[in-house]
Amino acid sequence: MEFLSKPWPWYVAGPIIGLTVPALLLLGNKRLGVSSTLRQICAATFPGKISFLNYDWKKDKWNLFFVGGILIGGFIGGTVFPNPEPVQISQHTTELLRELGLTDLSGLLPQELFNWKTLFTLKGFFLMILGGFMVGFGTRYARGCTSGHGITGLAALQWPSLVATVCFFVGGMLVSHFVLPLILSL
Amino acid sequence: MNNLKYLFLGIIFGLALTKGEAVSWFRIQEMFHFESFHMYGIFMTAIPSGALGLFLIRKMSLRSLTGELIEVPTKVYHHGIIIGALIFGFGWALTGACPGPLYAQIGGGYLVTIVTFSAALFGTWVYARFQHSFPD
C-alpha cells in the first residue's frame, strides 16, 4: 500500500485527472465539471423562487455520485493513507511562508490557519468564509472552474476556457502575492 | 445502480487530486509564486491526455456505453468569464481549494473546510439570486 501513502508525481496524477474527461464521456456522455454540483446542491436545498435554481437537478444526479467519490478519494488518500512527510514545496516557498509567520508546514493545509478557533477571527473569516464564498460565486459567474474550464475546456480547445484559466491564475497571483501577506499579519 | 460507476471514477479522480497534492494549500501558494513545476506539470499532462482522448473519440465517432453519440464539450464566451474567473482566482489563493479539492479536503480529514464548502454553496446561491443584477 506504499503507493497510497506516498505522494504521486505530477506525471502520474496529471494524466489520471486529464483522462477523466474522455472516461466520463465514454461511460455516459457526461462532462467533467465540479462547480456545477454547487448549483445542484443549492437547487436541491434552498431553491426558493430563484429561476437559476429551479431546474431538473436530478437529471445530473450522476455528478453528485462523482463528487461523493472525490470526497471518498480524499478520505482514502488523506485520512486513511496520509503522507507522513510534509508536502515537498520549494525552499523559496517554505522561507516565504515562514516569513509570513507559519511555523507548521505539515499536512495538506496549514492547521494553524484552518481550524475552528481561527474561524471566529478576522483571519479565519477572510481565509475560509470570504475565500469559500468567492470560489462558489466566481465559478458560477464564470460558468466553470478548474475542472470545467481548466481541464475539460482546454482539452476541447475552447478559447473561452483559456480566457477563464488565465483569469483564474491572474486572480490567484494577485491575492497570493499582495493580499495573503496582509491577512496573515492580522 | 447505474450511478455507481461515476462514484468509482470520482474516487480515482479524488485520489489523484489528493496524492498529486493539488488539494494542498501549500502547493497552491507555491504555484501562484511560480516556484515549482509540480502543479504546472499536472496541468501540462492533464490537458493533453484529455485532448488526446477527445481527439480519438471524435476521430472514431465513438458512442458512449449508454449508446449515445458523444458530443465534445463546447464553451461559449461571455464577459462574466473574466469577472467570475478573477473572483474565483482570489478565492482559490485564500482557501487553497478549487471546487474539486473542496470535497477532497473534507474527506482528507480537515473538517473545518466544511465551512469553506458551505461558504462556496452560499456564494453560488448569492450569484443565482442576484444573477440579473450583475453584468453578463
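Rules and cut-offs
Residues numbered from 1 in each chain as written. Chains lettered and ligands numbered in written order. Predicted model: local features only at pLDDT ≥ 70, side-chain atom pairs only at ≥ 80, totals over all residues. Helix = DSSP H or I, 4+ residues; strand = E, 2+ residues; numbered from the N terminus. Buried ≥ 20, exposed ≤ 12 C-beta atoms within 10 Å, placed from the backbone. Contact = placed C-beta atoms within 7 Å. Nonpolar A, V, L, I, M, F, W, Y, C, P; charged D, E, K, R; others polar. Core = buried A, V, L, I, M, F, W, Y, C linked by C-beta atoms within 7 Å. pLDDT = per-residue confidence, 0-100. Axes fitted to C-alpha atoms, helices over the stretch in contact; angles between N-to-C directions. Parallel < 35°, antiparallel > 145°, perpendicular 65-115°, else oblique. Left-handed = near helix turned anticlockwise from the far one by under 90°.

Right, let's get into the overall build of chain B. On a plain count of helices and strands, chain B comes out with 6 helices and 0 strands. In terms of principal-axis extent, the alpha carbons of chain B reach across some 45 × 40 × 35 Å. Buried residues in chain B amount to 56% of all 136 residues. For chain B, contacts bridging at least 24 residues in sequence account for 44% of all contacts bridging at least 6.

Let's shift gears to the overall build of chain A. Each helix and strand in chain A was counted, giving 9 helices and 0 strands. Each helix and strand of chain A, placed in order from N terminus to C terminus, yields the pattern α-α-α-α-α-α-α-α-α. When the backbone C-alpha atoms are referred to their principal axes, chain A occupies close to 50 × 45 × 35 Å. In chain A, once contacts between residues fewer than 6 apart in sequence are set aside, the share between residues at least 24 apart is 52%.

It is worth spelling out the interface of chain A and chain B at this point. Taken together, the 109 residues of chain A in the interface contact 102 residues of chain B. Counting only elements with at least two residues in the side of chain A that touches chain B, the list comes to α2 (10-28), α3 (36-45), α4 (61-80), α5 (91-99), α6 (116-119), α7 (122-141), α8 (146-155) and α9 (159-184) of chain A. Top contributing element to the side of chain A that touches chain B by residue count: α2 of chain A, with 18 residues. Of the residues belonging to the side of chain A that touches chain B, the class tally is 71 nonpolar, 34 polar and 4 charged.

Burial of nonpolar side chains together is a common tendency in soluble globular proteins. One finds Ile 17 of chain A together with Phe 88 of chain B to be the most contacted residues of the largest nonpolar core, which totals 90 residues. Examining the composition of this core, we find that 9 residues originate from one element, helix α4 (residues 80-95) of chain B, more than from any other. If we ignore the near neighbours within four places in the chain, the residues touching Ile 17 of chain A are Ile 151 of chain A together with Phe 13, Ala 16, Leu 17, Ile 42 and Ala 46 of chain B.

Bringing the confidence of the model for chain B into the picture now. The pLDDT averaged across chain B works out to 96; a share of 99% of its residues lies at or above 70. In the predicted assembly, ipTM is 0.97 and pTM is 0.97.

We now examine the packing of helix α5 (residues 99-107) of chain B against helix α6 (residues 113-130) of chain B. All names here are of chain B. Interaxial distance between α5 and α6 falls to 9 Å at its minimum, and their mutual angle equals 150 degrees. As summarised for this structure, α5 and α6 are arranged roughly antiparallel, according to the angle between their axes. In terms of crossing hand, the pair formed by α5 and α6 is left-handed. Packed against α5, whose contacting residues are Pro 99, Leu 102, Gln 105 and Ile 106, the element α6 presents Thr 113, Ile 114, Thr 116, Phe 117 and Ala 120 at the interface. Looking at side-chain class alone, the contact of α5 with α6 contains 6 nonpolar, 3 polar and no charged residues.

Most of α8 of chain A is tucked away: 10 of the 10 residues are buried. Every buried residue of α8 of chain A is listed here: Thr 146, Ser 147, Gly 148, His 149, Gly 150, Ile 151, Thr 152, Gly 153, Leu 154 and Ala 155 of chain A. Of the surrounding elements, those touching the buried residues of α8 of chain A are α2 and α9 of chain A together with α3 (38-59) and α5 of chain B.

Here we come to the environment of Ile 70 of chain A. Relative to the assigned elements, Ile 70 of chain A resides in helix α4. Ile 70 of chain A sits in the buried class, given 32 other C-beta atoms within 10 Å. Along the chain, Ile 70 of chain A and Val 34 of chain A lie 36 residues apart, while their C-alpha atoms are 9.8 Å from each other. Sequence-distant contacts of Ile 70 of chain A, that is, excluding residues within four places in its chain, are made with Gly 10, Phe 13, Gly 14, Leu 17, Gly 100, Tyr 103 and Ala 104 of chain B.

With that settled, consider helix α2 (residues 25-32) of chain B. Of all the 8 residues making up α2 of chain B, 8 are buried; the element is thus mostly covered by neighbouring parts of the structure. For α2 of chain B, the set of buried residues is Trp 25, Phe 26, Arg 27, Ile 28, Gln 29, Glu 30, Met 31 and Phe 32 of chain B. On its buried side, α2 of chain B packs onto α5 and α9 of chain A together with α3 and α4 of chain B. Once α2 of chain B ends, the next one or two residues include Phe 34 of chain B, with phi positive near 50 degrees.

Taken N-terminus to C-terminus, the directions of α7 of chain A and α4 of chain B make an angle of 155 degrees; their axes are 7 Å apart at the nearest point. What the angle tells us is that α7 of chain A and α4 of chain B run roughly antiparallel. For α7 of chain A against α4 of chain B, the interelement crossing comes out left-handed. Contacts from Phe 126, Leu 127, Met 128, Leu 130, Gly 131, Gly 132, Met 134, Val 135, Phe 137, Gly 138, Thr 139 and Tyr 141 of chain A in α7 of chain A reach Gly 80, Ile 83, Gly 84, Ala 85, Ile 87, Phe 88, Phe 90, Gly 91, Trp 92, Leu 94 and Thr 95 of chain B in α4 of chain B. Residue composition of the contact of α7 of chain A with α4 of chain B, by class: 15 nonpolar, 8 polar and no charged.

This part covers the environment of Leu 157 of chain A. Residue and element names in this part refer to chain A. Positionally, Leu 157 belongs in the loop between α8 and α9. Here Leu 157 falls in the partly exposed class, since 14 other C-beta atoms lie within 10 Å of it. Separated by 59 residues in sequence, Leu 157 and Arg 98 place their C-alpha atoms 40 Å apart.

A few words now on the environment of Leu 27 of chain A. Summarising the element assignment, Leu 27 of chain A is placed in helix α2. Look at Leu 27 of chain A and you get partly exposed, because 17 C-beta atoms sit within 10 Å. Not counting residues within four places of it along the chain, the set of residues in contact with Leu 27 of chain A comprises Lys 5, Leu 9, Ser 64 and Leu 65 of chain B.

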